[in-house]
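# Structure at a glance
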Amino acid sequence: MKRFAFLALLAALIMGVATSASATDVNVRGSFDVATEWSSNLGDFDGDEADSDNFYADQRMRAYFDFVASENLKAVLGLEMDLEWGNDVDFGADEK
């Protein structure tokens, strides 16, 4: 019985070495955009108003992770973060 268990273990080890190993390729791509705008007296051309100067800045980061196991199997994870400067940050949630 011990001889049979030893031969079964040896056969399992040989079969484990004989199988081919495969690895998943990970490709990362993305973009980072920043847009700014400043205007003075744009609407009424009255520079004496306190709210006549306007500043706006917005940034967006998009990151995509491609997990490729084979030609026929691929998974994509896409992340996007938008931030408008001066407003509260709410990561991980869509707009309501």
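In the block above lies the structure referred to throughout.
Description of the structure in this document. Not measured: the values here are computed from a predicted model.

So, on to the pattern of salt bridges. Any two side chains of opposite charge can pair if their charged atoms end up close together. Counted according to the given criterion, the structure contains four salt bridges. For R29, the salt bridge is made with D66, and the minimal N-O distance between the two is 3.2 Å. Residue R29 is located in strand 1 (residues 25-40), and its partner D66 is located in strand 2 (residues 53-70); the two are separated by 37 residues in the primary sequence. Assessed through its relative accessible area of 44%, R29 is described here as partly exposed. Under the relative-accessibility criterion, D66 is labelled buried at 7%. D82 is paired through a salt bridge with R60; the nearest N and O atoms lie 2.6 Å apart. In this pair, D82 sits in strand 3 (residues 73-84) while R60 sits in strand 2, placing the two residues 22 residues apart along the sequence.

To continue, consider the side chain of D66. Separated by 3.2 Å, the side chains of D66 and R29 make a polar contact. Not counting residues within four places of it along the chain, the set of residues in contact with D66 comprises D25, V26, N27, R29, K74, A75 and V76.

Rules used in this analysis
- Position numbers for residues count from 1 along each chain, tracking the sequence in the order it is written.
- Given that the model is predicted, a residue must reach a pLDDT of at least 70 before its local features are reported, and side-chain atom pairs must reach 80 or more before they are shown or counted; all residues, however, enter totals for whole chains, interfaces and linings.
- Side-chain descriptors were evaluated using all non-hydrogen atoms of the structure, hydrogens and water having been removed beforehand.
- We count a salt bridge whenever a side-chain nitrogen from Lys or Arg sits within 4 Å of a carboxyl oxygen from Asp or Glu.
- Helix and strand labels come from DSSP, where a helix needs a run of H or I of at least four residues and a strand needs a run of E of at least two; each type is numbered from the N terminus.
- Partly exposed residues are those whose accessible area sits between 20% and 50% of the maximum for their type, while under 20% is buried and over 50% is exposed, using a 1.4 Å probe and protein chains only.
- We define a polar contact as two N or O atoms separated by no more than 3.5 Å, with the added condition that, inside protein, one atom must be a possible hydrogen donor and the other a possible acceptor, whereas residues neighbouring each other in sequence contribute only through side-chain atom pairs.
- Throughout, a contact is declared for two residues whenever any of their heavy atoms are within 4.5 Å.

Purely geometric numbers; function is a separate question.
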